[in-house]
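# Structural overview for review
Residue-level listing of the chains:
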Amino acid sequence: MTDEPKGEAPPEMNGDADNGEKSGWAAFMDDLTGVNVDWRSAVLVPVLAMTAALAVSVLIIVASDIELWRSFSISALGDSFGQAGSAMWALLTGSLGSLAAVSSTLAFAAPLILAGLSVAIGFKAGLFNIGAEGQMLMGGMVAVALGITIDIPVFLNVPLAIIGAMIGGGIWGGIAGLLRARTGAHEVITTIMLNSIAGLAVVWMLSTKFFQPEGRLDPVSEDIAVSARLPRLLGFLDRSDVRVHLGIVVALIAAYAIYWVLFKSTIGYEFRAVGFNPNAAHYGGMRVTWLYTSVMALSGALAGLAGMAQINGLLYRASPGFAAGIGFDAISLALLGRSHPAGVVAAGFLFGALRAGGIEMQVATDVPVDLISVIQALVVVFIAAPALIRAIFRVKTGEEIGQLTTGWGT
Amino acid sequence: MTTKTVALDEGVVRTPAEIKRSRYLGITYLLLAAIVLFFFWRWSGDLGNFTFKLARPLDPSAPDLTLSASRTTMIVAVVLAGLGGFQLAKGFGKFNNMVLGFGIFLFIFAFLGWATAQSSLGAFSMVGMMKATIVRSVPITLGALAGVMSERVAVINIAIEGQLLAGAFVAVVVASPLATADDSLFLGAPLGSWIGVGAAILAGMLLAWVLAVLAIRYIVDQIIVGVVITIFVGGMTAFLALRWLADNPQLNQAPIFKSIGLPGLSSIPFLGPVLFDHNIFVFGAFILVAALTFLLFRTRWGLRARAVGEHPGAADTLGVNVYRTRYLNVIIGGAVAGFGGAFFTLGSVGRFDENMTNGRGFIGLAAMIFGRWHPVGAMAAGLVFGFADAMSQTLGILQTGIPSEFLGMTPFIATIFVVAGVVGKARPPAADGQPYIKQ
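Residues numbered from 1 in each chain as written. Chains lettered and ligands numbered in written order. Predicted model: local features only at pLDDT ≥ 70, side-chain atom pairs only at ≥ 80, totals over all residues. Heavy atoms only, no water.

## Some thoughts on the domain arrangement of chain B
Residue and element names in this part refer to chain B. Parsing chain B into structural domains produces domain 1 (6–118) and domain 2 (127–419). Taking the mean C-alpha position of each, domain 1 and domain 2 sit 32 Å from one another. The partner domain 2 presents 16 residues to the 15 residues of domain 1 that form the contact. Between domain 1 and domain 2, roughly 1200 Å² of surface is buried when both sides are summed, and carbon and sulfur atoms account for 74% of that area. Counting every contact that joins domain 1 to domain 2 gives zero salt bridges. At the surface where domain 1 touches domain 2, the tally comes to one residue pair in polar contact (both at pLDDT 80 or more). Broken down by element, the side of domain 1 that touches domain 2 gets its largest block of residues, seven residues, from helix α3 (residues 96–118). Of the residues assigned to the side of domain 1 that touches domain 2, the class counts are nine nonpolar, three polar and three charged. (Domains from an automatic or database assignment. Contact = heavy atoms within 4.5 Å. Buried area = accessible area lost by both parts, 1.4 Å probe. Salt bridge = Lys/Arg side-chain N within 4 Å of Asp/Glu carboxyl O. Polar contact = N/O pair within 3.5 Å; in protein donor to acceptor, adjacent residues only side chain to side chain. Helix = DSSP H or I, 4+ residues; strand = E, 2+ residues; numbered from the N terminus. Nonpolar A, V, L, I, M, F, W, Y, C, P; charged D, E, K, R; others polar.)

Dropping the structure here:
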């Protein structure tokens, strides 16, 4: 354990982070919002990182244009940049340009925020939960199992799905926490393994009579009962393209609850203390075994909720890929949001917008939607290495993120 | 870990943890014996004979192995019970793991015998399954080797998946336009395919260099870098596959490396086709295991590299350039992973599909841990995982009614057991994952 930070308490434990002189715009932000935080690392770096990532993605679109390489002329270069420009425009209009676009952004944001919170709470306790994907699958499958068997009024059935998904994901996450606490098995390895196990388990479950609709041979489940589906918030408009559902409300409530747990409750203090220095927490009388297990169980429960949002809010049935990589996006998202619930919500809206806009981009400009994974990866690189941002934009940034996780050996 | 020890009457000293483990092992043997006895023999009734075919039509001829199902399972059950009894009474000492391996082998043999006897086919090609085991182990072994090279110098590499995927993509895109069918072959492939392999290796090295720069110079969390690289490559290859390959299928069809039978060795019955008749990727993996073992454990350079992984401060004091060693090893690892990536396209199907590595890189990571950060261990683990893969395919053919997904899970469950210390504790290099900041 030589990589433990020594000496000073972490910024968030000091209360306000930046007590020195603030530049004009930072002071302005303080006045505007009434809170005193380190705006440079909280806002400036993420915004610049996003800008840099979008700029690089434009270059990727241009450089990957086969027509440009075939003709190699100025006009072809113009065409490529034109395509890149309209792709960026489609990203914007597809995510914010209409009621349907905004609602689609919000519908995508719901599971992203929930999964992002799952990873973020792990980071706060010094645990790296790569297993959100598997926990989503397990939580989602519990929601499916309940949804296809139970048909009670919606105000009972939806909470039932929520609780069931939290238990399913919570158990899957709790296994990794318990293993870490009792045997020292590193949570990165166990959660990666549990992801693969969950993936195979879903394929198997979807081939059983319980889940599979009669006459189907492919791995897919029956549709869940209408009463189990998350109600559409703008259902009264009666438009099928306005998809925003109760999931976003669940996500925002969860974000506030996590904020409260982390920063206002005793157990949240203990989570952060164990993340800051597990040895100190142990000598301070905290039960590290219990804390690791409960953090991972809570983390898994949040991911399970994300799986529920995916099933009960959007798809209404399970197929092997229903987690759709959200559990991995959640890692980028938690880093972008600085593992703070408010940051995660903001980042969740951004990634939801990217997903919604990405679909529009592929339809309108033929630029494949997979570009958004590239954008998200680039964002994280820039966030995690502010030195790159400093070099590109010539601005001062906050501290490096440094080591969020521990190596296998500890 | 407690140091309290208990002396046995023979004077052998065992820790309480070892005694506990010994007890678990003994109970495991007895359980396996019970399963064999109850499920395979008593419950299924007399199933008659089963046949393992040791040669396919064109292979060097070998007799079929035909045994009576009930007799085999009974013998296996008795032996397993005996092992369990001895383990509980005395223990096998330093042969524990070897005996465990033997016990598991017996169990699987009985299981396969039962599965074959109960199916309507009554026979299956053992040579085909063993060959598939070797082939399927190759990308896992190569991925694990990439991890070993990197983690031996204390840089965690969970970007293996990304490196494999990048290698797969680059190899096919470079090889497809360059290689034509009427080219002369060199070691099973035209020159263009070899250039594709070279490009894949370069791609792996480039990603490894990015990992090294971010982890070593910018001191970004290594696990996060690994995840990000994997996400980046996944997105980028899918993006380019749609943008380039969808409309240009001629860019996505490369000749596949042909098998080379080693003269003499490949005509040995059974072993010949299983071990000595493969394409260059399989032989390459074997050679790399040997070469990297020699490099890491028999050369001065390897000793220094391992010192950097265990105690970089001490290595630095003795004049080893920690940063250069780390860069070099991580990039060598990237080259190995890039080569392994090329296997997916040029060594196997000849075309790229989105996310075609399908988690093999993560299994490689597991194999590295399972193999205790040693190249030979990595290969052994790769073979175990390859066997699980090949066997789930076989069971699908034999229609045992056991979901193949369960068998597919075994590598992952086994890895969890290993990291949890149930089957002996795997110890990573001491400084693994910690950045080194020169004082």
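On we go.
## Quick word on the confidence of the model for chain B
Residue and element names in this part refer to chain B. For chain B, per-residue confidence averages 86 on the pLDDT scale, and 94% of positions sit at 70 or higher. Looking across chain B, the model is least confident in strand β1 (residues 6–7), with a mean pLDDT of 47, and most confident in helix α9 (residues 280–298), with 95. Across residues 1–9, confidence stays below pLDDT 50; counting only partners more than four residues off in sequence or on other chains, it has twelve contacts. (pLDDT = per-residue confidence, 0-100.)

## Things to note about a nonpolar patch on the surface
Taken together, the side chains of B:L37, B:F38, B:F39, B:M74 and B:V78 make up a nonpolar region of the molecular surface, amounting to roughly 450 Å² of accessible area. With three residues, helix α1 (residues 16–43) of chain B is the single largest residue contributor to the nonpolar patch. (Patch = residues over 30% accessible without salt bridge, like charges linked within 9 Å, V, L, I, M, F, W, Y side chains within 5 Å. Areas by Shrake-Rupley, 256 points an atom, 1.4 Å probe, with all protein chains shown as cover.)

## Here we look at the environment of A:V381
Tracing the sequence through the fold places A:V381 in helix α15 (residues 371–384). When near neighbours in sequence (up to four residues on either side) are disregarded, A:V381 contacts A:L388, B:L214 and B:V228.

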